[in-house]
Structure formats: C-alpha cells, structure tokens
Amino acid sequence: MGNKFLVIQQKMIGDVLNSTLICEHLKIHFPYATIHYVIYEHTLPVVEGNPFIDKIILFKKEYKKSKSKFYKFLKEFKQEEYTAVIDVYCKTESNLISYFSKAKTKISYEKWYSKFIYTDLFTYSKSTDTELGLAVENRLLLLKPLIDKLKEENLAPKIFLREEELIKAKDLLIKSGIDLSEPILMIGIKGSSDDKTYPLKYLAELINEITNLKSINILLNYTPDQKSSVQELLSYCSENSKNCIHEDIFCNSLRDFLALLKQCNGYFGNEGGASNMSKALGVPNFAIFSPWISKEAWFTYHSDPKNWAVHLKDFKPELINNKSKKEKKENVISLYKEFTSDLFKDKVISYMESQIF
C-alpha cells in the first residue's frame, strides 16, 4: 500500500487555496501517494479539478449542529490507513479528526489545548525572508517531518477551470455587449466583512481616476445581498465611471465567477478571497488591505510584478505600529478614514498603466 495523506484546512477561501500547496508538494515528493483534503463546503469551487488532490472531504454545516452526525463523520477517518495527518486548521473540529485518525504521524501547530494529539508541532513564524508571505511559509513548515527539502520552493496556489466554463464566461461577456478589445477590470467592492472593506467613497474616487486614463470595462464582484453597496458606490462615481461599469453582469456560482475573473485583465479592490483567487488564476491583482490585517502574512508572492498591494502601514506607520491586532480591529473605522485614496492614487495609476492597459 502506498502513502496516504490527510490535509485538514477548514476556513476561508484564501486559507484553502494556500493549503493546496501542501497537497501539491506531497504529490511532487510522493507521486504515487493518495491525498485527501478536508475543507468547508463553500470553499469547494476553488479546489475542484485540482490534480494534486485525490479526494475532497467536505465538512458540512450539519456537523456543527448535530453531534451524532459529527461523530459518524469522525468515525469514517478510523477506516482510513493514513500515513500522516497535517492539520493546518488546528481548531476543535480538526483536532478531533486528527485524534480519530490512526496515522502514526500527526502534524500541526503548537496549541496548549491540543498538543497531546500530535507527534510533530510547530510555532508560527512572525518574520519572513522570502517572497512567499507568512501565510504560505507557515503552512510549508508543516511539511518538514515528511520532506527534508522542497524540490520546488516557490510554488504558488492554482485554480483549475474547465474549457467549457471559460467558453461560457466569454459568451456571457459577448452577450452583455462587452467590447473584448478593451481591457476588463474586476473590482472587489466588499471585503469578507465590514471591517475588511475599504470605504466606498474612497474606492469610487480611485475608480474615477482609472476611468479617466483610458477606455475600460469594469465588472463588480458582489453578492446579491450587497446590492445596496453597489448603489452607494455608483452614487460616488463620475458619469464617465458609471458608463464603464457593468453592474448587471453577475454570476450565480463561484465557479462561474472564477471563469469570469479569468477573462479579466486584472483585479482591483479589497484584499481577501477574490484577490487570492485572482493570484491563483494568474490574473494581475491590486489588493487594498484592511488596517487590522497583516500584510506580512497575506501579501503573498510579492516579487511577482502582477501582484500589488497597499496597507495603511505603508503610508502612516505611526497609526499602526505598536498597536495590537485587537486595538487595530476595534479602531478600524477611524483607521480607514485615515487611509484616503490620495495616499496611493499614483500607485493605482502605475498598476493600471503597467499591468492592464
């Protein structure tokens, strides 16, 4: 029997994407191994079709609500002969999955409440010397008990789309009257929460700068319940910008959105799932970080000329330095007010001129 590995990463899209690198490195070093990957249901679209994952195991919402269903789910891991478990999530749910697994090697991060479960534990690094970013570097740490030296150290996460999905996305643009000879920019108007969302007025000011440069098509990334935010954004936009924005082009599924994003010349907007997805699709992206989110951790692959990002710390470090994450999060509204569009307007223009036009 060959090696069989279980990788556990129940979290947001960016986390799930970054942890696919663990699966890819395992496949490179153990080409005949079987890789199982535990994720939340809503993140499935970004790992569908990934050739480095043999089985995707979905952690369903019902497991949080029903102890009996969760226990039945846990028992399934006893049936598998895993060589090793890599628990990237390291919370109660994944601790229990690891515990129920019969693997001799169990790898995770050092937490006081769960260290008795694991054979190999690591602490998060807080400084980085590579272009990977801490979010990636800290994941690759977990491979050390299995791999002495990575054969390909600078791998980046990838999303795999089917040809028919790409054709469908292109057809949507053509049917919507988009001139494909002009650049298409996807704008992420909302972060995953309000405290990760750049003020819409400031965002509109930057959109106005972009549309003043050259003719461009702008698509908006939003969910149906964020329609009011779309209208608010448009209220701050110039007439020229409004004419460039196609707010009615909307995708009902994440896979459809990914295929649409792949048609775009670039992504611009809030750091988060969409910016991480654009990186994984090889689409140039410009991410605006929330003041309380670590740029050191999440500005991954920053030496790639396609990847751009700004943080309040870049311009007004005195407002950020020596403040705890909790303090920054509690004061995020006032910090965002200081993060005015004029601080990085020139950088946005440079991004557009070098990457999009």
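Notes on the structure in this doc start here. Within each chain, residue numbers correspond to sequence positions counted from 1 in written order. At least 70 in pLDDT is required for a residue's local features to be given in this predicted model, at least 80 for side-chain atom pairs to be given and counted, and no such filter applies to totals for whole chains, interfaces and linings, which use all residues. Side-chain calculation: all heavy atoms of the structure are included, whereas hydrogens and water are not.

Let's talk about the packing of helix H7 (residues 200-213) against helix H8 (residues 227-236)
Quick note on the threshold: Helix axes use the C-alpha atoms of the stretch in contact, all axes being lines fitted to C-alpha atoms, and the angles between their N-to-C directions lie in the range 0 to 180 degrees. Strands are runs of DSSP state E lasting at least 2 residues, helices are runs of H or I lasting at least 4, and numbering of each runs from the N terminus. Just so you know how the angles are binned, under 35 degrees is roughly parallel, over 145 roughly antiparallel, 65 to 115 roughly perpendicular, and the rest oblique. Note on convention: near helix rotated counterclockwise from far helix by under a right angle means a left-handed crossing. Clockwise means right-handed. Two residues form a contact once any of their heavy atoms are found within 4.5 Å. Charged residues are taken to be Asp, Glu, Lys and Arg, nonpolar residues to be Ala, Val, Leu, Ile, Met, Phe, Trp, Tyr, Cys and Pro, and polar residues to be all remaining types, Gly included.
With their axes 8 Å apart at the nearest point, H7 and H8 run at an angle of 55 degrees to one another. One element, H7, and the other, H8, form an angle in the oblique class. Note on packing geometry: the crossing formed by H7 with H8 is right-handed. Packed against H7, whose contacting residues are Leu 200, Lys 201, Leu 203, Ala 204, Ile 207 and Asn 208, the element H8 presents Ser 229, Glu 232, Leu 233 and Tyr 236 at the interface. Among the residues forming the contact of H7 with H8, the class breakdown is six nonpolar, two polar and two charged.

Let's talk about the layout of surface pockets
In this approach, a probe sized like a water molecule rolls over the atoms, and the result shows the empty space that is left. Here is the rule we go by: Put plainly, a pocket is an open set of points on a 1 Å grid over the protein atoms alone with protein on both sides within 12 Å along at least five of seven lines, a cavity is a set where a 1.4 Å probe fits but cannot get out, and a lining residue has an atom within 4 Å of a point. Grid points are joined across faces, edges and corners, and a volume is the space filled by probe spheres set on the points.
Within this model, the second largest pocket holds a volume of roughly 320 Å³. What lines the second largest pocket is a set of 15 residues, among which Glu 137, Leu 140, Leu 141, Lys 144 and Leu 150 lie closest to the centre. Taken together, the residues of the lining of the second largest pocket sort by class into six nonpolar, four polar and five charged.

What about the nonpolar core?
The condition is simple: We define the nonpolar core as a collection of buried residues of types Ala, Val, Leu, Ile, Met, Phe, Trp, Tyr and Cys that are connected through side-chain atoms lying within 4.5 Å of one another. Only protein chains enter the calculation, and the probe is 1.4 Å; a residue is then buried if its accessible area is under 20% of its type maximum, exposed if over 50%, and partly exposed in between.
Ranked by internal contacts, the top residues of the largest apolar core, which has 52 residues, are Leu 26, Val 46 and Met 277. Tallying contributions element by element places helix H1 (residues 13-29) first for this core, with seven residues. Those residues within four positions of Met 277 in sequence are excluded, and the remaining contacts are Ile 13, Leu 17, Val 46, Ile 159, Leu 254, Phe 257, Leu 258 and Leu 261. Leu 206, Leu 220, Leu 335 and Tyr 336 belong to the second-largest nonpolar core, a separate cluster that totals 47 residues.

Focus on empty space enclosed by the protein
Per the counting criterion, the structure on display carries one cavity of 30 Å³ or more. By volume, the largest cavity amounts to about 50 Å³. Forming the walls of the largest cavity are Glu 271, Ser 275, Asn 276, Lys 279, Asn 285, Ala 287, Phe 289, Trp 298, Phe 299, Trp 308 and Ala 309. At three residues, helix H11 (residues 273-280) tops the list of elements feeding residues into the lining of the largest cavity. Here the residues of the lining of the largest cavity sort into six nonpolar, three polar and two charged.

Focus on the sheet that holds strand E2 (residues 34-40)
Working definition: the strands of a sheet are paired by backbone hydrogen bonds and lie parallel or antiparallel to each other. The cut-off we apply is this: By definition, two strands form a pair when at least two bridges between them are found by DSSP.
Taken together, the six strands give an open sheet; going across it, the order is E3-E2-E1-E4-E5-E6, and neighbouring strands pair in parallel fashion. Each edge of the open sheet carries a strand with a single partner, namely strand E3 (55-59) and strand E6 (120-122). Ignoring which end each strand starts from, the neighbouring axes of this sheet average 15 degrees apart. Examined bridge by bridge, strand E4 (residues 84-87) and strand E5 (residues 105-109) share three bridges and lie parallel to one another. Within E5, the position partnered with Val 85 by the bridge is Lys 106.

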